[in-house]
Amino acid sequence: MDISAPNVSPAARVLWGGTFDPIHEGHVSLAIELSNYLGVQPLYLLPNSQPAHRHAPVATSKQRAKMLTLAIQSHEQLAIDMREIERQGPSYSVLTMAEVRQEIGPMMPLIWCLGVDAFAQLTQWHRWQELLTYGHLLVLTRPQVSWPKDPELLTWYTAHKVDEAKQLLASPSGQVAHLKLGQHDVSATQIRQQLCLGYQPSATELAPAVAHYIASQSLYGIN
Ligand code: ATP
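Rules behind the numbers
Residues numbered from 1 in each chain as written. Predicted model: local features only at pLDDT ≥ 70, side-chain atom pairs only at ≥ 80, totals over all residues. Heavy atoms only, no water. Helix = DSSP H or I, 4+ residues; strand = E, 2+ residues; numbered from the N terminus. Rg over C-alpha atoms; globule rule 2.2 N^0.38 Å. Buried < 20%, exposed > 50% of the residue type's maximum accessible area, 1.4 Å probe, protein only. Areas by Shrake-Rupley, 256 points an atom, 1.4 Å probe, with all protein chains shown as cover. Lys, Arg positive; Asp, Glu negative; His and termini not counted. Charge placed at Lys NZ, Arg CZ, Asp CG, Glu CD. Salt bridge = Lys/Arg side-chain N within 4 Å of Asp/Glu carboxyl O. Pairing = 2+ DSSP bridges. Axes fitted to C-alpha atoms, helices over the stretch in contact; angles between N-to-C directions. Contact = heavy atoms within 4.5 Å. Near = heavy atom within 4 Å. Polar contact = N/O pair within 3.5 Å; in protein donor to acceptor, adjacent residues only side chain to side chain. Core = buried A, V, L, I, M, F, W, Y, C linked by side-chain atoms within 4.5 Å. Right-handed = clockwise from strand over helix to strand, strands pointing away.

## Observations concerning the overall build of the chain
- Each helix and strand in the chain was counted, giving nine helices and eight strands.
- What you see for the chain is a C-alpha radius of gyration of 17 Å, in line with the 17 Å of a compact globule of 223 residues.
- Its C-alpha atoms give the chain principal-axis dimensions of about 50 × 40 × 35 Å.
- Burial statistics for the chain: of 223 residues in total, 51% are counted as buried.
- As displayed, the chain has an accessible area near 10,300 Å², and 51% of this comes from carbon and sulfur atoms.
- Averaged over its 15 positive side-chain charges, the chain has a centre that lies 2 Å from the centre of its 18 negative ones.

Structure below.
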C-alpha cells in the first residue's frame, strides 16, 4: 500500500490528507518541517480519491499519485499512503482514520494534519465529532488564512486542545493542536491558474519533475 516507507520504527503514524491537484512545494516543505518538528518519519501524504468537501479534482487519481511520487522522490522522510485512492468512493477521513487505527493497534499516536482552511470546514465533514475517537488532529497555519470564527467549531476545539503540538505524541487519540511552522504562500489553485495562463511556477512553488510531468500530460490547460 505504501509507495515508499523508510525502514524505521516510527513513534506515531502521521497522515496529511489532501487532493494534491497538484502537490506543490508548500505541501512538501511543510511536511518536511513537520516531520522534523515531531521527530517522526515517515510522514505520509494521503491523496483522496473523491474529495468529500470540494469540487472534483482536475487531474485523475493516477496522475495525482504520480505527481506525489515525483515530488517526494528525493525526500526520504516522506511517504505516500494510497489507501483512499485504492478504496474508491467518497474519501471520508473518519473512515480512513478508523482503518489506520485498526492497523496500528490501540496505543500508537495517530495524527491527522490539515491546514487551517480545511479545519474551518471541519463541521461539514462526515461524522466529524468521531474523528478524535481514532486519532488527534493537528491544524497548521497558512498564510492569508485566519483562525475560524464558527462558535461550534471553536467550542469543540477548546474542549480538546493541547497547548503544544508535541503533546499529541504522548497519547493515541482525543486531542487537537495548532502549530505554526514555515509560512509557504502557495496553493494548488494558484498553480493551476498560473499554468492555465501559460506561466511557469517557480521551483519553490512546484517541483521541476512535477512541472515536467504536468507538461507531458497536458494538464491544467497546458497544450
Ligand atoms: P486548492 O488550492 O486546490 O484548494 P491546496 O493548495 O489547499 O489546494 P490541498 O491538496 O487541498 O492543497 O491541501 C491538502 C491539505 O494541505 C489541506 O489541509 C490544506 O489546508 C493544506 N495546505 C495546502 N497548502 C498549504 C500551505 N501552503 N500551508 C499550509 N497548509 C496547506
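## Examining the pattern of salt bridges
- Summed over all chains, the structure comprises eight salt bridges.
- The salt bridge involving Glu130 is made with Arg127; its shortest N-O contact spans 2.9 Å.
- Residue Asp163 is joined to Lys161 by a salt bridge in which the shortest nitrogen-to-oxygen separation is 3.6 Å.
- The class of Asp163 is exposed, set by a relative accessible area of 65%.
- Three or more residues joined by partner-sharing salt bridges are found here, namely Asp81, Arg83, Arg87, Glu99 and Glu103.

## Points about the sheet that holds strand S7 (residues 136-140)
- Sheet architecture is open: six strands sit in the order S4-S2-S1-S6-S7-S8, paired in parallel fashion. Both outer strands of the open sheet, strand S4 (78-80) and strand S8 (176-179), are each paired with one neighbouring strand and no more. Averaged over all pairs of adjacent strands, the angle between their axes in this sheet comes to 30°, without regard to strand direction.
- Here three bridges tie strand S2 (residues 43-47) to S4, and the two strands are oriented parallel to one another. Residue pairing for S4: Leu43 is matched across the bridge by Leu78.
- In the packing of helix H2 (residues 61-72) onto the sheet, the strands contacted are S2 and S4, and the crossing angle to S4 comes to about 160°.
- Where helix H7 (residues 151-160) meets the sheet, it contacts S7 and S8, and its direction lies at approximately 100° from that of S8.

## Things to note about the site of the ligand
- Close contacts around the ligand come from 21 residues, with Phe20, Asp117, Arg142, Ala188 and Thr189 the closest.
- Between an oxygen atom of the ligand and a side-chain N or O atom of His24, the distance comes to 2.9 Å.
- Between the ligand and the protein, one listed contact pairs an oxygen atom with a side-chain N or O atom of Asp117 at 2.5 Å.
- In isolation the ligand has 600 Å² of accessible area, and contact with the protein removes 91% of it.
- Contributing elements (two or more residues each) for the shell around the ligand: strand S1 (13-18), helix H1 (25-38), strand S6 (110-115), helix H5 (116-119) and helix H8 (188-196).

## Looking at the nonpolar core
- Membership of the largest hydrophobic core comes to 46 residues, with the highest contact counts inside it found for Trp16, Leu34, Leu45, Met67 and Leu138.
- Not counting residues up to four positions away in its chain, the partners in contact with Leu138 are Leu34, Leu38, Ile111, Trp112, Cys113, Leu114, Ala165, Leu168, Ala177, His178 and Leu179.
- Core analysis: the next-biggest nonpolar cluster, separate from the first, contains 25 residues, Leu122, Leu131, Tyr134 and Tyr157 among them.

## Examining the pairing of S1
- With respect to burial, S1 is a largely interior element, five of its six residues being buried.
- Here S1 runs beside S6; their pairing, made up of four bridges, is parallel. Its bridge partner lying in S6, Arg13 is registered against Leu110.
- In the sheet, S1 pairs with S2 via five bridges, with the strands oriented parallel. Residue Gly17 lies in a different strand from S2, and its bridge partner there is Leu46.
- On the question of chirality, the crossover connecting S1 to the parallel S2 by way of H1 is right-handed.

These results come straight from atomic positions and should not be treated as a statement about function.
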